[in-house]
Amino acid sequence: ADMERLVERLEKAVERLENVCQGPGMCGDASAKGVAQYVQAFDALLAGPVAEYSRISREVGGDVQKHAEMVHAGLMSERALLVVASQHQQPAENAFSELLKPISEQIQAVQNFREKNRGSKLFNHLSAVSESIPALGWVAMAPKPGPYVKEMTDAAMFYTNRILKEYKDVDKKQVDWVKAYLSIWTELQAYIKEFHTTGLTWSKTGPVATAGAKAAPAPPAGLAPPPPGPPPPPAPVSSSTDDSASRSALFAQINRGEGITSGLRHVSDDMKTHKNPALKNQGGPVRSGPKPFTAPKPACNANPSPKAPPLLELEGKKWRVENQENATNLVISDTELKQVAYVFKCTNSTLQIKGKINSITLDNCKKLGLVFDDVVGIVEIINSRDVKVQVMGKVPTISINKTDGCHVYLSKSSLDCEIVSAKSSEMNVLIPTEGGDFTEFPVPEQFKTVWNGQKLVTTVTEIAG
């Protein structure tokens, strides 16, 4: 049922886009002659890297193909906004937020698809796309949209590297898929640098854009224009959009220099309360100054979705431990070498895995304690906070990614373990001593890179230990 609703939303989005765009070079005019240069350049991106990514995704098929269709719909929503910007002057903040809604919806649809398909065999593909798809929000970023896209692209690298490692010598098509997908964002960065260096470029002429601004082609003579498509379902716009717009307006005021005081009214002595105490006793409401800026609070959902039930079960070869809270005695004991464990959204709990298992993944966990005997593959800790992991036997590799606060207790037989970390902080490795205690060693978080004339040389900074 969820998939049917998602498909229905996508069909509506495509219908609205078809009213705006009838193919590359056909927005706002019957030919490319009337299309802004940066819209034509975006069409080239769609016809190049995006088309290649879509083609390979169709060959891979399954969830990857469905995901690619959503990504394409998001890029078409972005193209529609570029057309509007090329024909209109920059709108007010609230109108701009409305114009951003179709893009926001597509970003949310892509990420929701990943969350609903965590059991997919192509989960790394879905994760790579979901982690980087917020890059479509560059149109709301100022003054550095290019670096924002780069940051989102880097977020996908963890998963694309896993795909390359898994399929490098097995399936060339998967490797080509990674290259095609990453090239979209690389080309987009170059596109932004050329046409929108400090933010989305708006027309200097034409009407001011409104929430309902469109750039649909004129209907043929004698035919009534088609009825407007159904309005998009409401979707929250990222708070970073509002923050960026607010900051831009603030900087614009500051840059006026001395002119910023031109609208102030002179206050004479007889209007000052400290010189005229009687003014304090006069009736009427007391005017207060402007309230300090506060970040907008997320809207409360009147009908919050029910909390997912806790889960601990074996599904095929995968042990699923999900949504556990305040569970201090979770144990998996009947294990086999071919099995893996996936621990998701567990809070303030402890889990013990006995025996030898293939791999363990902790994802979105908080204040979780994990104790295990032996792992023949890898232990991965992703998007988590305040976790403690203790190895009783052996493990060859531990990966820590986007995690704040991670303590790893090694056993004497696992001292040769490789620990790989990225975008993480407050990491400590505890080494056993002869007396049975542990000695704590921090994992460096800060590095120094210099050019030695031939290559980049990276070392740990002194303050990082």
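Up top is the structure.
A brief look at the structure comes next. (Residues numbered from 1 in each chain as written. Predicted model: local features only at pLDDT ≥ 70, side-chain atom pairs only at ≥ 80, totals over all residues. Heavy atoms only, no water.)

### Considering the overall build of the protein chain
Here is step 1: Helix and strand content of the protein chain: 8 helices and 16 strands.
Here is step 2: Burial status across the protein chain gives 40% buried among its 465 residues.
Here is step 3: Here the analysis covers contacts within the protein chain between residues at least 6 apart in sequence; of these, 42% occur between residues at least 24 apart.
Here is step 4: When the accessible surface of the protein chain is totalled, it reaches about 26,500 Å², and 54% of it is carbon and sulfur. (Helix = DSSP H or I, 4+ residues; strand = E, 2+ residues; numbered from the N terminus. Buried < 20%, exposed > 50% of the residue type's maximum accessible area, 1.4 Å probe, protein only. Contact = heavy atoms within 4.5 Å. Areas by Shrake-Rupley, 256 points an atom, 1.4 Å probe, with all protein chains shown as cover.)

### Thoughts on the environment of Ala73
Here is step 1: Position of Ala73 relative to the elements: it lies in helix H3 (residues 62-87).
Here is step 2: On the accessibility criterion, Ala73 (7% relative accessible area) is buried.
Here is step 3: When the C-alpha atoms of Ala73 and Pro102 are compared, they prove to be 9.5 Å apart, with 29 residues separating the residues in sequence.

### Details of the sheet that holds strand S6 (residues 359-363)
In a beta sheet, neighbouring strands pair by backbone hydrogen bonds and run either parallel or antiparallel.
Here is step 1: With mixed pairing, 7 strands are arranged side by side in an open sheet as S1-S2-S4-S6-S8-S10-S12. Sheet topology places strand S1 (311-315) and strand S12 (418-422) at the edges, where each strand pairs with a single neighbour. Along the sheet, successive strands turn relative to each other by an average axial angle of 10 degrees, direction set aside.
Here is step 2: Alignment of S1 against strand S2 (residues 318-322), held across 5 bridges, turns out to be antiparallel. Note on S2: the bridge partner recorded for Leu312 is Val321.
Here is step 3: In this fold helix H6 (residues 145-167) packs onto strand S8 (378-382) and strand S10 (397-401), with an angle of close to 160 degrees to the strand it touches most, S8. (Pairing = 2+ DSSP bridges. Axes fitted to C-alpha atoms, helices over the stretch in contact; angles between N-to-C directions.)

### Describing the packing of aromatic side chains
Here is step 1: The full count for this structure, using the stated rule, is 11 aromatic pairs.
Here is step 2: With a centroid separation of 5.1 Å and 85 degrees between ring planes, the pair formed by Phe158 and Tyr159 is classed as edge-to-face. Across this residue pair, the class does not change: Phe158 and Tyr159 are buried.
Here is step 3: For the ring pair Tyr191 and Phe195, a centre distance of 5.3 Å and an interplane angle of 45 degrees mean the geometry is tilted. (Phe/Tyr/Trp six-rings, centres within 6.5 Å; stacked < 30°, edge-to-face > 60°.)

### What to know about the pairing of strand S4 (residues 340-344)
Here is step 1: Burial analysis of S4 places 4 of its 5 residues in the buried class, the great majority of the element.
Here is step 2: When S2 meets S4, the two strands line up parallel, connected through 5 bridges. The residue of S4 that forms the bridge with Trp319 is Ala341.

### A closer look at unusual backbone geometry
Here is step 1: Omega for the peptide link from Ala142 to Pro143 comes to 10 degrees, which places this bond in the cis form.
Here is step 2: Within the element layout of this structure, Pro143 appears in the loop between helix H5 (123-132) and H6.
Here is step 3: Its identity as a non-glycine residue notwithstanding, Lys423 has a phi of 50 degrees, on the positive side.

### Some remarks on the sheet that holds strand S11 (residues 404-409)
Here is step 1: With mixed pairing, 7 strands are arranged side by side in an open sheet as S3-S5-S7-S9-S11-S13-S14. Looking at strand neighbours, the two that pair on one side only are strand S3 (330-332) and strand S14 (438-442), the edges of this open sheet. Adjacent strand axes in the sheet meet at a mean angle of 15 degrees, parallel and antiparallel pairs treated alike.
Here is step 2: Judged from the 5 bridges that link them, S11 and strand S13 (residues 425-432) form a sheet pairing that is parallel. Looking at S13, one finds that Val408 is bridged to Val429.

### Considerations on helix H4 (residues 93-115)
Here is step 1: Taking 1.5 Å of rise per residue, 23 residues should cover 33 Å, and H4 covers 31 Å from first to last C-alpha, within 8% of that figure.
Here is step 2: The principal kink in H4, of about 40 degrees, is found at Lys101, preceding the proline Pro102 by one to four residues. (Expected span 1.5 Å × (residues − 1). Bend = angle between axes of the 7 residues up to and from the residue.)

### Considerations on the packing of H3 against H4
Here is step 1: Where H3 meets H4, the closest approach of the two axes is 10 Å, and the angle between their N-to-C directions is 170 degrees. Considered as vectors, H3 and H4 are oriented roughly antiparallel to each other. For the pair formed by H3 and H4, the contact residues are Asp63, Lys66, His67, Met70, Val71, Ala73, Gly74, Ser77, Glu78, Leu81 and Val84 on the first element and Phe96, Leu99, Leu100, Pro102, Ile103, Gln106, Ala109, Val110, Phe113 and Arg114 on the second.
Here is step 2: When its residues are assigned to classes, the contact of H3 with H4 shows 13 nonpolar, 4 polar and 4 charged. (Parallel < 35°, antiparallel > 145°, perpendicular 65-115°, else oblique. Nonpolar A, V, L, I, M, F, W, Y, C, P; charged D, E, K, R; others polar.)

### Digging into the pattern of salt bridges
Here is step 1: Tallying each qualifying case throughout the model produces 17 salt bridges.
Here is step 2: Between Asp43 and Arg79 there is a salt bridge, with its nearest N and O atoms 2.4 Å apart. Pair noted here: Asp43 is in helix H2 (residues 37-60) and Arg79 is in helix H3, with a separation of 36 residues, a long-range link. Taken as a pair, Asp43 and Arg79 share a single burial class, namely buried.
Here is step 3: Residue Arg320 pairs with Glu315 through a salt bridge whose shortest N-O separation is 2.8 Å.
Here is step 4: On the basis of relative accessible area, Glu315 is assigned to the partly exposed category, the value being 38%.
Here is step 5: One salt-bridge network, in which partners are shared between bridges, spans Arg114, Glu115, Arg118, Glu131, Asp363 and Lys402. (Salt bridge = Lys/Arg side-chain N within 4 Å of Asp/Glu carboxyl O.)

### What about the packing of H5 against H6?
Here is step 1: At a minimum axis distance of 7 Å, the contact between H5 and H6 shows a crossing angle of 165 degrees. When the axis of H5 is compared with that of H6, the two are roughly antiparallel. For the element pair H5 and H6, the recorded crossing hand is left-handed. Across the interface between the two elements, Asn124, His125, Ser127, Ala128, Glu131 and Ser132 from H5 touch Met152, Thr153, Ala155, Ala156, Tyr159, Thr160, Arg162, Ile163, Glu166 and Tyr167 from H6.
Here is step 2: When the residues that make up the contact of H5 with H6 are grouped by side-chain class, the tally is 7 nonpolar, 6 polar and 3 charged. (Left-handed = near helix turned anticlockwise from the far one by under 90°.)

### Details of H6
Here is step 1: Its 23 residues give H6 an end-to-end C-alpha distance of 33 Å, which sits within 8% of 33 Å, the value for a rise of 1.5 Å per residue.
Here is step 2: A maximum bend of about 35 degrees is found in H6 at Met157.

### Comments concerning the side chain of Glu380
Here is step 1: Mapped onto the elements of the fold, Glu380 is located in strand S8.
Here is step 2: Among the polar contacts made by the side chain of Glu380, one reaches the side chain of Arg162 at a distance of 2.8 Å. (Polar contact = N/O pair within 3.5 Å; in protein donor to acceptor, adjacent residues only side chain to side chain.)

Taken by themselves, the reported measurements are silent on function.
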